[in-house]
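Geometric and topological summary
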Amino acid sequence: MASVVLRGGRVIDPASDLDAVQDVLIEGGAIAAVGDGLEGHTVVDVSGSIVGPGFIDLHSHVHTIAGQRLQALDGVTTALDLEAGLMPVAKAYAAAAAEGRPLNYGFSASWGGARGQVLAGVPADADFGTALALLADEEWQRSSTAQELAAWLELLRGELADGALGIGILMGYAPRTDPAEMVAVAQLAVEAGTPTYTHVRELVESDPTTPIDGSTEIAVVAGETGAHMHHCHVNSTSRRHIDRVLTTLADAQARGARVSVEAYPYGAGSTGIGAFFLAPERLPAWGLTPHSLVVVPTGERIASEQRLRELRETEPGLPVIVEFLDETVDADRALLQRALEFPGAIVASDAMPVFFPDGAMESRDWPLPPGGQTHPRTAGTYSKALRMMVGSGAWTWPEAFRRCSWLPAQVLSFAPAAQDKGHLGVGADADVVVLDPDALTDRATYADPTQPSAGVRHLLVNGEFVVRDGALVPDAYPGKGLRASPR
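All figures in this text were calculated on a predicted structure; none of them were measured in a lab.

Let us look at the side chain of Asp207. Within the secondary structure, Asp207 sits in the loop between β11 (196-198) and α7 (214-225). Residue Asp207 is classed as buried on the basis of its relative accessible area, which comes to 7%. At a separation of 2.6 Å, a polar atom in the side chain of Asp207 contacts the side chain of Arg176.

Let's shift gears to the sheet that holds strand β10 (residues 167-169). Taken in spatial order, the six strands make up an open sheet running β9-β10-β11-β12-β13-β17, and their pairing is parallel. Because the sheet does not close on itself, it has two edges, and the strands there are β9 (109-110) and β17 (346-347). Inspection of the sheet shows strand β13 (residues 259-263) paired to β17 by two bridges, in the parallel sense. By the bridge assignment for β17, Ala263 is matched with Val347. The strands touched by helix α6 (residues 179-192) within the sheet are β10, β11 and β12 (229-231), with β10 carrying the most contacts at an inclination of about 165 degrees.

Residues Val432 and Val434 point to one face of strand β18 (residues 432-435) and Val433 and Leu435 to the other, with burial holding for every one of them. Taken together, the four bridges between strand β5 (residues 50-53) and β18 define a ladder with antiparallel strand orientation. Looking at β18, one finds that Ile50 is bridged to Leu435. Here β18 runs beside strand β19 (residues 456-461); their pairing, made up of four bridges, is antiparallel.

Two side chains carrying opposite charge are able to pair once their charged atoms lie near each other. Counted by the stated rule, this structure contains 30 salt bridges. For Arg115, the salt bridge goes to Glu181, with nearest N and O atoms at 3.1 Å. Of this pair, Arg115 sits in helix α3 (residues 111-119) while Glu181 sits in helix α6, and the two are 66 residues apart along the sequence. Both residues of the pair, Arg115 and Glu181, belong to the buried class. Between Arg244 and Asp213 there is a salt bridge, with the nearest N and O atoms lying 2.8 Å from each other. Of the two residues, Arg244 is situated in helix α9 (residues 242-254) and Asp213 in the loop between β11 and α7; the sequence distance between them amounts to 31 residues. Each of Arg176, Glu202, Asp207 and Arg282 takes part in salt bridges that share partners, so that together they form one network.

Let us look at the packing of aromatic side chains. Enumeration over the complete set of coordinates arrives at 12 aromatic pairs. Their ring planes at 45 degrees and their centres at 6.4 Å tell us that Tyr105 and Phe107 sit as a pair that is tilted. Accessibility expressed as a relative area gives 7% for Tyr105, which makes it buried. Ring pairs connect the aromatic residues Phe55, Tyr382, Trp397 and Phe401, which therefore count as one cluster. Residue placement shows Arg239 over the ring face of Trp286; its charged tip is 3.7 Å from the ring centre.

Quick notes on the rules
Residues numbered from 1 in each chain as written. Predicted model: local features only at pLDDT ≥ 70, side-chain atom pairs only at ≥ 80, totals over all residues. Heavy atoms only, no water. Helix = DSSP H or I, 4+ residues; strand = E, 2+ residues; numbered from the N terminus. Buried < 20%, exposed > 50% of the residue type's maximum accessible area, 1.4 Å probe, protein only. Polar contact = N/O pair within 3.5 Å; in protein donor to acceptor, adjacent residues only side chain to side chain. Pairing = 2+ DSSP bridges. Contact = heavy atoms within 4.5 Å. Axes fitted to C-alpha atoms, helices over the stretch in contact; angles between N-to-C directions. Salt bridge = Lys/Arg side-chain N within 4 Å of Asp/Glu carboxyl O. Phe/Tyr/Trp six-rings, centres within 6.5 Å; stacked < 30°, edge-to-face > 60°. Lys NZ or Arg CZ within 6 Å of the ring centre and 35° of its normal.

Next up, the structure:
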């Protein structure tokens, strides 16, 4: 692999606090040197740009070349599905490697997949569509018997032995389960030396009958077991209760609990229409109506409770947009900003696949075929977060790279392969983004969600250009599987 010098950019390394105009030398897929007057086979003038470690997305469900290309143009070099995971992970890693990926990829052990297999008899096939459909299956949403609990814990243990990057827990989709099961999963994580990543169950403000408040559960279980527990998309599960939730988590951290937090800068989420919390009788607890849901592939806004029940019955895995905050309202935008301002909050996208008119979720064509639909967070999360936070003065550029690159790598620090991610130290993986700070912005909207972000001048993954001079390199597939050490 020919050496590359990125010359004369503002180099920001959140690991070393470097913030200076220097050159970056890349050789053999790694950072070879950072300094002045460096020489290499290819020299790229990046003066006026910001050079930093590529963004690490801990929460991406795209699992496709098409989706990863949109994320590449948003500055992402590593896209991991840790909230849901895929099962079996060996099959997920093998499929991604065989198909090729522009970005690095990885998966957690799927709590939902393991419980679905044991409690509902649904074989895990490492397919995202199967996982979406499973969400509506009431059988896997119940509490486990002692024998069932032991069986699915053993499945998770096997996935961790195969190199899964922790345990992804979709508790919000089975929110009436016995809280003792969460403790058991956390104890397994401690035993394995790995984190958990949780979509929390209902908040007490939304459901006073919940077995335990979802965010409090994270804080309590982390404190009791010593597990590192990562709170996924705190913005969407907290909604208008974000201030109380953040106080709960801050208090837990102050007491020494290993709790980390992520957020994304949108007032709408996306999930399968069969999700527990989208049942018509559950929507008022979120302050929603059927009209708050939009079908992703067709753009249909759900007009009635009868239509919602029909789609939940006939197409439980159908992806929908869920409008929980109004981004045109100042007070709601302020809630999103407070989630991102929380000390140590990590940016993560919850990116979804692109759904094409012919029913496919994949395409190697670039530009993407017309008519593709998804959530705009797939294409715009990082550019939008930086526009909001750096643009408002809430973050400096070094702080932005700390939250988008360095802190996500620290969540993964239990995995030796992650220790060379998220920084620009000599020997680090050459996952590098070059940004034009004046041009960087998101362009994806709910009406046009596959518009790529602008302002990423170059993006290298393992030392190979995936974006060059602002354009995607369509034959670049340098992504590698990021995996924990097999046990």
